[in-house]
Amino acid sequence: KVARSLPEHPALAHMEKTLADSYRKEIDQEEKVWRTLPFFAATLALQLAALFQIIDKAPDPNTLVGKVFVFLLGSSALLSLTSLVFLAVSIYPRKFEYVAEQVALLAYTQDLIQYERATDGSPDFALTTLKTELARQYSVAIDHNQRANKRRERWRSFAGLTALASVLMTILLVATTYVDYRSHRSARDHGHAVHQLA
């Protein structure tokens, strides 16, 4: 049986190139998750630095301000922990789909060429068949990898939102502590001044 095929259609060439670009883009998306790690590390470091600055100025936990301080501190810690959990889920290794290995593709191409020559088929038979198979493998891999990347992006978004909420809690914590500390210090200074005057 003589192998016959239509000449390579421009649509097939365009589609194969488009799918190849999309395939590379989805593979690159995995690295973007790791590039966000410095942001989370810097956020956590700044929060810890702020907490170390105010820990010795913490208000009495029996007062209303002290209870607010404990609530904000607990909320900030819980949100930071939740953010780290979401981040861990987003970077958890997931199996990606790839096209066939180069050795297998080379062997497949050589088989197509030999078949084309042996059957005196169309000169475009091997090329068209190879591009069709590559397009099929690209589309299957892209569909699988897109779903994996979307799950990663969703968890990373949750991690980012909880990290920002934790930063907000830390800012409120610092502001509450600072206002309480300044008011107590002002009262002590005023009392000291009155004592000196007396």
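Computed from a predicted model, the values in this text were never measured in an experiment. (Residues numbered from 1 in each chain as written. Predicted model: local features only at pLDDT ≥ 70, side-chain atom pairs only at ≥ 80, totals over all residues. Heavy atoms only, no water.)

In this section: the overall build of the protein. Counting its regular elements, the protein contains five helices and zero strands. Taken from the N to the C terminus, the helices and strands of the protein come in the order α-α-α-α-α. Within the protein, residue pairs in contact and separated by at least 24 positions form 86% of the contacts whose partners lie at least 6 positions apart. Surface exposure of the protein reaches about 13100 Å², of which carbon and sulfur atoms provide 66%. (Helix = DSSP H or I, 4+ residues; strand = E, 2+ residues; numbered from the N terminus. Contact = heavy atoms within 4.5 Å. Areas by Shrake-Rupley, 256 points an atom, 1.4 Å probe, with all protein chains shown as cover.)

This part takes up the environment of Tyr115. With respect to the helices and strands, Tyr115 occurs in helix α4 (residues 102-118). A relative accessible area of 38% places Tyr115 in the partly exposed class. Residues Tyr115 and Phe125, spaced 10 residues apart in sequence, show a C-alpha to C-alpha distance of 9.2 Å. (Buried < 20%, exposed > 50% of the residue type's maximum accessible area, 1.4 Å probe, protein only.)

Let us now look at the packing of aromatic side chains. Taken as a whole and assessed by the stated rule, the structure comprises six aromatic pairs. Consider the rings of Trp155 and Phe158, whose centres lie 5.7 Å apart with planes at 80°: the pair is edge-to-face. Placement of both Trp155 and Phe158 in helix α5 (residues 125-197) is noted, with a separation of three residues, approximately one turn of the helix. Taking the relative accessible area as the measure of exposure, Trp155 reaches 27% and is therefore partly exposed. Put simply, the rings of Phe86, Trp155 and Phe158 pair up and form one aromatic cluster. (Phe/Tyr/Trp six-rings, centres within 6.5 Å; stacked < 30°, edge-to-face > 60°.)

Let us look at the environment of Tyr108. Topologically, Tyr108 is positioned in helix α4. Separated by 18 residues in sequence, Tyr108 and Ala126 place their C-alpha atoms 9.7 Å apart. Ignoring anything within four residues of it in the chain, the contact list for Tyr108 reads Thr129, Leu130 and Glu133.

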